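# Coordinate analysis (summary)
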Amino acid sequence: MRNVTVLAGGVGGARFTRGLLAHLAAAAPDAAVTVIVNTGDDMWLDGLRICPDLDTVMYTLGGGINEEQGWGRPEETRRTSSEIAAYGRGWSWFTLGDLDLATHIVRTDLLRNGSTLSEATAFLCQRWQPGVRLLPMSDQPVETHVCLAENVDEHAAGDYIHFEEWWVRYRAQVAVTGFKQRGLAEAVAAPGVREAIRTADLIVLPPSNPVVSIGTILAVPGVRDALRSTTARVVGVSPIIGGAAVRGMADACLRTIGVETSALGVGLHYGSRNRGGLLDAWLVDETDAAALPALAAAGIRSTAAPLWMRDLNATTAMAAAVLAL
Ligand code: GDP
Ligand code: CA
């Protein structure tokens, strides 16, 4: 095993990759890991470019993550945010801690001076040393918006709002009719992305949100085709355990696109690579073992294993199970 490529969102992708690195350090010390990260959650806020999933992966693998929250930095203060609020600016529902703001300032400065997002990410990673090659899915801005099914606050039914507003401000509790990735038509995969898929020995779809994390990466022109045609095995890990999204509100995303919130539903949504889908193999939690026959019937080789990323040991064992598949 030399080259492993992971397609990741934020917390789920980052925690899985941490286990993957721990497993590889013992099992395949020469292996190199590339993580292709969703940038559909990116946005402009207070004049700064915010990249939530890139930062979560970078901080998690670089030892700078707030472990309880799963995002942002530990021991944060909010002095700058309160000052911005005093001007009546910013989004009161979106937290920007003072330490985290430094990352956004440096990134925005690089972007304004002509760096691509890939270059800015590589620069930030010089400090954090995440132990992987971290690639944004695209250097062009692609932003996920949701279409509201009903009126809420200043928004009317049928309006599109940024995914982060729906997710963070409304906790995904407001009905939406669909997702739209703004900018996708002008976007191409970032340098190295398709190559990392083509030349990998193993590709992992970690337990990230199948709709707005992995689904958005797959929507970038060329990515799905690269996955379909790579000689690497493509192995997925279910983000759904016992019919529920372990953390967060992924069920609201799945419901919106008509996919059942279950390990089986998500497995069938990705589909078997032999039958026009993406997966060579699929890992479900041991409590979802009953789904194995239906997955096999759909041409997806599956195994059950404990999939709760409780701690590093549990997550390392999960990564070992993926490699064993
Ligand atoms: P986000 O961008 O921060 O929302 O993170 P991701 O898209 O990478 O991952 C979010 C998903 O991770 C959630 O929807 C959960 O379904 C999944 N998840 C979180 N914790 C666990 C866990 O311990 N085990 C498994 N199997 N999935 C998890
Ligand atoms: Ca995210």
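Computed from a prediction, not measured in an experiment: that's the story for all the values here.

Criteria and cut-off values
- Residues numbered from 1 in each chain as written.
- Chains lettered and ligands numbered in written order.
- Predicted model: local features only at pLDDT ≥ 70, side-chain atom pairs only at ≥ 80, totals over all residues.
- Heavy atoms only, no water.
- Donors = N, O, S within 2.8 Å, 3.2 Å for Na, K, Ca; no water.
- Helix = DSSP H or I, 4+ residues; strand = E, 2+ residues; numbered from the N terminus.
- Buried < 20%, exposed > 50% of the residue type's maximum accessible area, 1.4 Å probe, protein only.
- Domains from an automatic or database assignment.
- Contact = heavy atoms within 4.5 Å.
- Buried area = accessible area lost by both parts, 1.4 Å probe.
- Salt bridge = Lys/Arg side-chain N within 4 Å of Asp/Glu carboxyl O.
- Polar contact = N/O pair within 3.5 Å; in protein donor to acceptor, adjacent residues only side chain to side chain.
- Pairing = 2+ DSSP bridges.
- Axes fitted to C-alpha atoms, helices over the stretch in contact; angles between N-to-C directions.

### Some remarks on the coordination of the calcium ion (ligand 2)
Taken together, Asp41 (OD), Asp53 (OD) and Asp53 (OD) make up the full set of protein donors to the calcium ion (ligand 2), lying 2.1 to 2.6 Å away. Placement of the pair is Asp41 in the loop between strand S2 (32-37) and strand S3 (43-45) and Asp53 in helix H2 (residues 52-62), with a sequence separation of 12 residues. A relative accessible area of 7% places Asp53 in the buried class.

### What about the domain arrangement of the protein chain?
Domain boundaries in the protein chain define domain 1 (3-42 + 53-64 + 131-139 + 187-324) and domain 2 (143-182). Taking only C-alpha atoms into account, the centre of domain 1 sits 25 Å from that of domain 2. Each side of the interface is counted separately: domain 1 has 14 residues, and domain 2 has 14 residues. Between domain 1 and domain 2 the total buried area reaches about 1,100 Å² when both faces are included, carbon and sulfur atoms providing 66% of it. Contact with domain 2 buries surface across domain 1, with Asp41, Met249 and Thr256 losing the most and accounting together for 45% of the total. Scanning the region where domain 1 abuts domain 2 turns up zero salt bridges. Inspection of the domain 1/domain 2 interface yields three residue pairs in polar contact (both at pLDDT 80 or more). Looking at the side of domain 1 that touches domain 2, the elements that each hand over two or more residues are helix H8 (214-219) and helix H10 (250-256).

### Focus on the pairing of strand S1 (residues 3-8)
Of all six residues in S1, five are buried, a share of seventy percent or more. Sheet topology places S1 next to S2; six bridges connect them, and they run parallel. When the bridges of S2 are listed, Asn3 appears paired with Ala32. Pairing analysis gives three bridges linking S1 to strand S9 (residues 202-205), with the strands arranged parallel. Within S9, the residue paired with Val4 across the bridge is Leu202.

### Topic: the sheet that holds strand S7 (residues 160-162)
Strands in a sheet are paired, the pairing made by backbone hydrogen bonds, and the direction either parallel or antiparallel. Read from one edge of the open sheet, three strands run S7-S6-S8, paired in antiparallel fashion. Only two strands of the sheet have a single neighbouring strand rather than two, namely S7 and strand S8 (176-182). The sheet shows a mean angle of 35° between the axes of neighbouring strands, direction not considered. Relative to S8, strand S6 (residues 143-148) is paired through six bridges, and the arrangement is antiparallel. The partner of Val146 across the bridge, within S8, is Phe179.

### As for the sheet that holds strand S10 (residues 233-237)
Taking strand neighbours across the sheet as the criterion, the seven strands line up as S5-S2-S1-S9-S10-S13-S14 in an open arrangement whose pairing is parallel. Looking at which strands have only one partner, the edges of the open sheet turn out to be strand S5 (133-136) and strand S14 (301-305). Going from strand to strand, the sheet's axes swing by 20° on average, the running direction of each strand aside. Of the pairings in the sheet, the one linking S10 to strand S13 (residues 281-285) comprises three bridges and is parallel in character.

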